[in-house]
Amino acid sequence: MANPSILILPGDGIGPEVMAEVRKIIGWFGENRNLNFDLSEDLVGGAAYDAHGTPLTDATMAKAQSVDAVLLGAVGGPAYDDLDFSVKPERGLLRLRKEMDLFANLRPAQCFDALADFSSLKKDVVAGLDIMIVRELTSGSYFGEPRGISDLPDGQRVGINTQRYTTDEIRRVARSAFELARKRGNKVCSMEKANVMESGILWREEVTWVHQNEYPDVELSHMYADNGAMQLVRWPKQFDVIVTDNLFGDILSDCAAMLTGSLGMLPSASLGVPMENGRPKAMYEPVHGSAPDITGQGKANPIACILSFAMALRYSFDQGAEATRLEAAIETVLAAGARTADLLGPTGGSPISTAEMGDVIIKALDAS
Ligand code: IPM
Ligand code: MG
């Protein structure tokens, strides 16, 4: 059987630096666990724009469609701020999500014990935190039509985006959330704004329909998304799985990420429908961005990107035990005090570099 294939898209800013560490980790699994992958690499975002005048070429898009999983670093940076909207680095990412139909974006927020002191919240609020945000990723106000900026007769301009969800779009992401909940704490909290938005009313009705007809064994609650944001910082441990739309999910997942102390720790998986080989269409990426302020200085934390590969092991390659091995190695190095600059916290200390963090994780894997 051919090795499973992975397309690596390092992208911009710190993307290439953190991806170099992921390559080391992938290499370790090949040498030590007989897990081999066919790796290819290509450009996305500003890097693709510089080379080709577009943030994602058709050829790269086709390659992404043909592999078993895509690993993406980050896109964007100040050099591209003034580009036309249609060729901004972010459009490359959004095209991948849309054309691969990656409707379920899994964003776990887990607080590692060794980092519980680093959260801006009190330790007892975040210690042991383990929640999963399931964000709808291919619809809603990110993609709804009509959209655009146009001129009004009175000389003003108007900017329009449309929040739009269909029955099927809501039901399929709800199913993803219920399935995950069954393997975790068996609780789903759905967040929308049914008090002011028709799309929110439909969201609540359809999530309830899926619950009653297919997952009555899972505990379901509903919350307005603004209250959800407040509850996330008040007492986040009340949640197990949160399911929400594209825009609310973007905001709520940044909020949840920071509960864990650093955005540099958080991975994500974006999953679509199963391909012919049974694996879901999938892209894995850290939640953090391209961090232009620290690019090229060896300061970036590679853990979010490495944990994204762990999610690939679990969700694309059916290697849950190996994913757990990798996560445990990361726990070990954090417990032993390994810290990139973002993890120093108020007490300071001397940070290790991006590459050194990769190396100590490899050592911990050797010892596992
Ligand atoms: C994210 C990011 C993206 C989004 C940007 C980079 C387009 O913020 O993945 O959360 O808004 O979805
Ligand atoms: Mg975001």
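Residues numbered from 1 in each chain as written. Chains lettered and ligands numbered in written order. Predicted model: local features only at pLDDT ≥ 70, side-chain atom pairs only at ≥ 80, totals over all residues. Heavy atoms only, no water.

What follows is about the packing of aromatic side chains. Taken as a whole, this structure holds 7 aromatic pairs when the rule is applied. Arranged with centres 4.9 Å apart and planes meeting at 55°, the rings of Phe-37 and Phe-317 form a pair that is tilted. One end of the pair, Phe-37, is in the loop between helix 1 (15–33) and strand 2 (38–41); the other, Phe-317, is in the loop between helix 10 (303–315) and helix 11 (320–335), and 280 residues separate them in sequence. For the pair shown, Phe-37 and Phe-317 are each scored as buried. Taken together, a centroid distance of 5.2 Å and an interplanar angle of 75° make the contact between Tyr-165 and Trp-203 edge-to-face. A residue pair is termed long-range when its members are at least 10 positions apart, and Tyr-165 in the loop between strand 7 (157–162) and helix 6 (167–182) and Trp-203 in helix 7 (residues 198–214) qualify at 38 residues. When its relative accessible area of 2% is taken as the criterion, Trp-203 is described as buried. Put simply, the rings of Trp-28, Phe-29, Phe-37, Phe-309 and Phe-317 pair up and form one aromatic cluster. It is Lys-98 that lies over the ring of Phe-143; its NZ or CZ is 4.9 Å from the centre. Sitting above the plane of the Trp-209 ring, Arg-171 keeps its charged end 3.6 Å from the centroid. (Phe/Tyr/Trp six-rings, centres within 6.5 Å; stacked < 30°, edge-to-face > 60°. Helix = DSSP H or I, 4+ residues; strand = E, 2+ residues; numbered from the N terminus. Buried < 20%, exposed > 50% of the residue type's maximum accessible area, 1.4 Å probe, protein only. Lys NZ or Arg CZ within 6 Å of the ring centre and 35° of its normal.)

Counting 90 residues, the largest nonpolar core has Phe-309, Leu-326 and Ile-361 as the members making the most contacts within it. At 9 residues, helix 10 tops the list of elements feeding residues into this core. Each of domain 1 (1–108 + 266–368) and domain 2 (130–258) contributes no fewer than three residues to this core. Those residues within four positions of Leu-326 in sequence are excluded, and the remaining contacts are Ile-25, Phe-29, Ile-306, Phe-309, Ala-310, Leu-313, Ile-361 and Leu-365. (Core = buried A, V, L, I, M, F, W, Y, C linked by side-chain atoms within 4.5 Å. Domains from an automatic or database assignment. Contact = heavy atoms within 4.5 Å.)

Taken domain by domain, the protein chain holds domain 1 (1–108 + 266–368) and domain 2 (130–258). One C-alpha centre belongs to domain 1, the other to domain 2; they are set 25 Å apart. With 17 residues of domain 1 at the interface, the matching set in domain 2 holds 19 residues. Between domain 1 and domain 2 lies a buried interface of about 1600 Å² when both sides are counted; carbon and sulfur atoms form 60% of it. Counting across the domain 1 and domain 2 interface gives 1 salt bridge. (Buried area = accessible area lost by both parts, 1.4 Å probe. Salt bridge = Lys/Arg side-chain N within 4 Å of Asp/Glu carboxyl O.)

Moving on: the site of ligand 1. Around ligand 1 lies a shell formed by Glu-90, Arg-97, Arg-107, Arg-135, Tyr-142 and Asp-250. Side-chain polar atom of Asp-250 to an oxygen atom of ligand 1: 2.8 Å apart, as the coordinates give it. Protein coverage of the free-state accessible area of ligand 1, which is 320 Å², stands at 75%. Taken together, the residues of the shell around ligand 1 break down into 1 nonpolar, no polar and 5 charged. Here the shell around ligand 1 spans two domains, and each of domain 1 (1–108 + 266–368) and domain 2 (130–258) adds at least three residues to it. (Near = heavy atom within 4 Å. Polar contact = N/O pair within 3.5 Å; in protein donor to acceptor, adjacent residues only side chain to side chain. Areas by Shrake-Rupley, 256 points an atom, 1.4 Å probe, with all protein chains shown as cover. Nonpolar A, V, L, I, M, F, W, Y, C, P; charged D, E, K, R; others polar.)

A separate point is the environment of Asn-32. Note on placement: Asn-32 falls in helix 1. Here Asn-32 falls in the partly exposed class, since its relative accessible area comes to 38%. When the C-alpha positions of Asn-32 and Leu-365 are compared, they lie 9.3 Å apart, and in sequence the two are 333 residues distant.

Our focus in this paragraph is the pairing of strand 9 (residues 219–224). Pairing between strand 8 (residues 187–192) and strand 9: 6 bridges, direction parallel. Paired with Cys-189 across the strands is Ser-221, a residue of strand 9. For the crossover from strand 8 across helix 7 to strand 9, the handedness is right-handed. (Pairing = 2+ DSSP bridges. Right-handed = clockwise from strand over helix to strand, strands pointing away.)

When the charged atoms of two side chains with opposite charge come close together, those side chains can pair. Tallying each qualifying case throughout the model produces 21 salt bridges. Across the salt bridge formed by Lys-63 and Asp-42, the nearest N and O atoms sit 2.9 Å from each other. Remark: Asp-42 occurs in the loop between strand 2 and helix 2 (46–52) and Lys-63 occurs in helix 3 (residues 58–66); sequence separation between them is 21 residues. The salt bridge involving Arg-182 is made with Asp-217; its shortest N-O contact spans 2.8 Å.

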